[in-house]
Amino acid sequence: MKALFVAFRKDLLLQWRGKTQAVAIFAFGAATLLLFSFAIGPDSSALRQHAAGFLWLGLLLASTLSLAESFEREMEEQALEGLLLLPACARTLYYGKAMANWAQLALLGMALVPVMIVLYDAGTLRLLSLLAVILLGTAGLSAPGTLHAAMTSQTRARQTLLPLLLFPLVVPVLLAAVKATSLVILGDPMEQFGPWITLLGAFAVVHWSLGGLLFGRVVED
Amino acid sequence: MRAPSVRSIALVALGAALLLVGSWWGLVKAPGEVFMGDVQRIMYVHVPTAWNAMLALTFAFVCALFFLLTNAWQWDDRLEAAMEMGVVLSLLLCMQGSIWAKPTWGVWWDWDPRLTTTAVMVFAFGGILALRAFVDDPVKRAVWSSVACIVAFVDVPIVYFSVKWWNSLHQAQSTPQTVSSAFHWPLRINAFGTLFLWVGLVGLRAQVAALRRRGEMAPPLPEKRKAAGRAPVTGGAL
């Protein structure tokens, strides 16, 4: 348990010391939100309708940068091998890193919400529901993302491979998170919010368990 | 070099012959369907392709599990072959579906659960083939593609149910029970024809994969070594 906390803290600390990276990733996400609105045109009702989809697409695109970055740092000076020599099992390292990635992605998501509200006029007062969607959705992105980033960061063509492997896997997260966010923004007369949140939760549970089971084999040497 | 396995070649020949018979039966002998007419005849290849695409990817998943549990190389060879076959069959499935959907539904594509899940499978398993192409170390390639294959396979039902909740329009699955008896035989013959064909092709492809891997792992110095049946304990260079 202590090892898990230390691993988690190490990754967050690294991220905190290199704040420019986080700011750049946020700027990238905000820029994609701006670009999506150009694809739709200045029709404010259509933009509001699609706001949830754009938010999650922006977050998904930005997440590949942040996930890849979390392992690229471990490739320098063979830091990953050093970590594996520590008296902590690979699973602890995985969960530490996945939790740090989760925290970063959730913060990124929350930071992109105001941008979405301003650009698409998609405000809501149901902030707790929105927070729940962002937390569960980014949990679903970070578990498979951390596992696959561990593999792709060691290959050639890593910038292409991570999205190629990750995007098909997280289709359920994208669907459910977009639906749930839409329901929060546009209203939920049919009470469909619950099932989508359950789906996000189930996806996260499956992938957090799988990642922990399989990560040891990914980094073995 | 080992000669191609006679069993695999026999299976390919048998599968091709069955497909010819089944397709002739479906195109010429079987009656046209009342509402859809001749368009319906694509079912004789479409439904067997769907069954066999699922079978091939399930086999790939089994190979991935066995490789991670036993570290025996033959499972990696089979994994590579089965995954390629699964991707090809899924891609064919999407194409046949589009050809059928245009005259029937009026559109090439529809966001129905099975169609969308098949497209997601093409990208998910195609991505793993890309990963294999970009990793030079055979040990890492085998372990990583097994891990990615397991994750992708477990993900498939979640994708299916999420898309199903999201939208639905596809017809109920066609099985010999849901179609009239006049359509049974060509459907069954083609299903087994496709099965034998891909099993034979996977056998041959796994042999090619084994040859390539042996070439990659051959020691640089002329050292006597038995044909490796197991993965070495230590990995290759980073």
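Residues numbered from 1 in each chain as written. Chains lettered and ligands numbered in written order. Predicted model: local features only at pLDDT ≥ 70, side-chain atom pairs only at ≥ 80, totals over all residues.

> If you had to explain the overall build of chain B to someone new, which residues and values would you point to?
Scanning chain B from terminus to terminus reveals 6 helices and 0 strands. Taking all 238 residues of chain B together, 42% fall into the buried category. If you take every contact in chain B between residues at least 6 apart in sequence, the share linking residues at least 24 apart comes to 81%. (Helix = DSSP H or I, 4+ residues; strand = E, 2+ residues; numbered from the N terminus. Buried ≥ 20, exposed ≤ 12 C-beta atoms within 10 Å, placed from the backbone. Contact = placed C-beta atoms within 7 Å.)

> How would you sum up the overall build of chain A? Please name residues and give values.
From N to C terminus, chain A includes 9 helices and 0 strands. Along chain A, helices and strands appear, N-terminal first, in the series α-α-α-α-α-α-α-α-α. In terms of overall dimensions, chain A is globule-like: its C-alpha atoms have a radius of gyration of 18 Å, near the 17 Å expected for 221 residues. In terms of overall dimensions, chain A has C-alpha extents of about 55 × 30 × 30 Å along its principal axes. Per-residue burial for chain A yields a buried fraction of 48% across its 221 residues. (Rg over C-alpha atoms; globule rule 2.2 N^0.38 Å.)

> Can you tell me about the interface of chain A and chain B, naming the residues and giving the values?
Each partner contributes to the interface: chain A provides 24 residues, whereas chain B provides 26 residues. Those elements that provide at least two residues to the side of chain A that touches chain B are helix H6 (127-152), helix H7 (158-169), helix H8 (171-186) and helix H9 (193-219) of chain A. Among the residues making up the side of chain A that touches chain B, the classes are represented as 20 nonpolar, 1 polar and 3 charged. (Nonpolar A, V, L, I, M, F, W, Y, C, P; charged D, E, K, R; others polar.)

> Could you give me a rundown of the packing of H6 of chain A against H7 of chain A, with the residues and numbers involved?
All names here are of chain A. The geometry of H6 relative to H7 is characterised by a closest axis approach of 9 Å and an angle of 150° between their N-to-C directions. Regarding the angle of H6 to H7, the classification is roughly antiparallel. Every pair of crossing elements has a handedness; the one defined by H6 and H7 is right-handed. Residues Pro-144, Gly-145, His-148, Ala-149 and Thr-152 of H6 lie in contact with H7, whose contacting residues are Arg-158, Leu-161, Leu-162, Leu-165, Leu-166 and Leu-169. Residue composition of the contact of H6 with H7, grouped by class: 7 nonpolar, 3 polar and 1 charged. (Axes fitted to C-alpha atoms, helices over the stretch in contact; angles between N-to-C directions. Parallel < 35°, antiparallel > 145°, perpendicular 65-115°, else oblique. Left-handed = near helix turned anticlockwise from the far one by under 90°.)

> Explain helix H1 (residues 6-29) of chain B to me, and be specific about the residues and the numbers.
Residues that lie three or four places apart on an α-helix share one face, since the helix turns once every 3.6 residues. All names here are of chain B. For H1, built from 24 residues, the straight-helix expectation of 34 Å at 1.5 Å per residue is met to within 8% by its first-to-last C-alpha distance of 33 Å. Those residues of H1 lying buried are Leu-11, Gly-15, Leu-18, Leu-19, Gly-22 and Gly-26. The inward-facing, buried residues of H1 abut helix H2 (43-70) and helix H6 (184-217). (Expected span 1.5 Å × (residues − 1).)

> Please give an account of unusual backbone geometry that cites residues and values.
Its identity is not glycine, yet Ala-157 of chain A carries a phi of approximately 55°, on the positive side. Mapped onto the secondary structure, Ala-157 of chain A falls in the loop between H6 and H7. Even without being glycine, Asn-71 of chain B reaches a positive phi, approximately 60°.

> Please provide a residue-by-residue account of the nonpolar core, values included.
Core analysis: the biggest nonpolar cluster contains 132 residues, and Leu-200 of chain A together with Ala-60, Ala-82, Ala-148 and Cys-149 of chain B have the highest contact counts within it. For this core, the element with the most residues is helix H5 (residues 138-166) of chain B, which contributes 15 residues. Discounting residues that sit within four places of it in the chain, Ala-148 of chain B has contacts with Met-151 and Leu-165 of chain A together with Ile-128 and Leu-131 of chain B. (Core = buried A, V, L, I, M, F, W, Y, C linked by C-beta atoms within 7 Å.)

> Help me get a handle on H5 of chain B, residues and values and all.
Residues and elements named next belong to chain B. Look at H5: 40 Å from first C-alpha to last across 29 residues, which is about the 42 Å you get at 1.5 Å a residue. The largest bend along H5 reaches roughly 30° and is located at Val-156, with the proline Pro-157 sitting one to four residues downstream. The buried fraction of H5 is high, at 21 of 29 residues. (Bend = angle between axes of the 7 residues up to and from the residue.)

> Which residues make up the confidence of the model for chain A, and what are the values?
Interpretation of this model should avoid reading the predicted coordinates in detail wherever pLDDT is low. Summing up the model confidence of chain A, the mean pLDDT is 90 and the portion of residues at 70 or higher is 100%. Here helix H4 (residues 79-85) of chain A stands out as the least confident element of chain A, with mean pLDDT 83; H6 of chain A is the most confident, with 94. (pLDDT = per-residue confidence, 0-100.)

> If you had to explain the environment of Ser-44 of chain A to someone new, which residues and values would you point to?
Residue and element names in this part refer to chain A. With respect to the helices and strands, the residue Ser-44 is situated in helix H3 (residues 44-75). Here Ser-44 falls in the partly exposed class, since 13 other C-beta atoms lie within 10 Å of it. Sequence separation between Ser-44 and Tyr-120 is 76 residues; the distance between their C-alpha atoms is 6.7 Å.

> Describe the packing of helix H3 (residues 73-105) of chain B against H6 of chain B, with residues and values.
Residue and element names in this part refer to chain B. With their axes 8 Å apart at the nearest point, H3 and H6 run at an angle of 130° to one another. By the angle between their directions, the pair H3 and H6 is classed as oblique. The handedness of the crossing between H3 and H6 is right-handed. Residues Trp-73, Asp-77, Arg-78, Glu-80, Ala-81, Ala-82, Glu-84, Met-85 and Leu-89 of H3 form the contact with H6, whose own contacting residues are Trp-198, Leu-201, Val-202, Arg-205, Ala-206, Ala-209, Ala-210 and Arg-213. Split by residue class, the contact of H3 with H6 holds 11 nonpolar, no polar and 6 charged.

> Help me get a handle on the environment of Ala-3 of chain A, residues and values and all.
Note that Ala-3 of chain A resides in helix H1 (residues 2-17). When near neighbours in sequence (up to four residues on either side) are disregarded, Ala-3 of chain A contacts Ala-88 and Thr-92 of chain A.

> How would you sum up the environment of Leu-57 of chain B? Please name residues and give values.
All names here are of chain B. Following the sequence through the fold, Leu-57 ends up in helix H2. A residue is classified by how many C-beta atoms lie within 10 Å of it, and Leu-57, with 24 of them, is buried. As for Leu-57 and Ala-82, which are separated by 25 residues in sequence, their C-alpha atoms are 6.6 Å apart. Setting aside chain neighbours within four positions, we find Leu-57 in contact with Gly-86, Met-121, Phe-125 and Phe-153.

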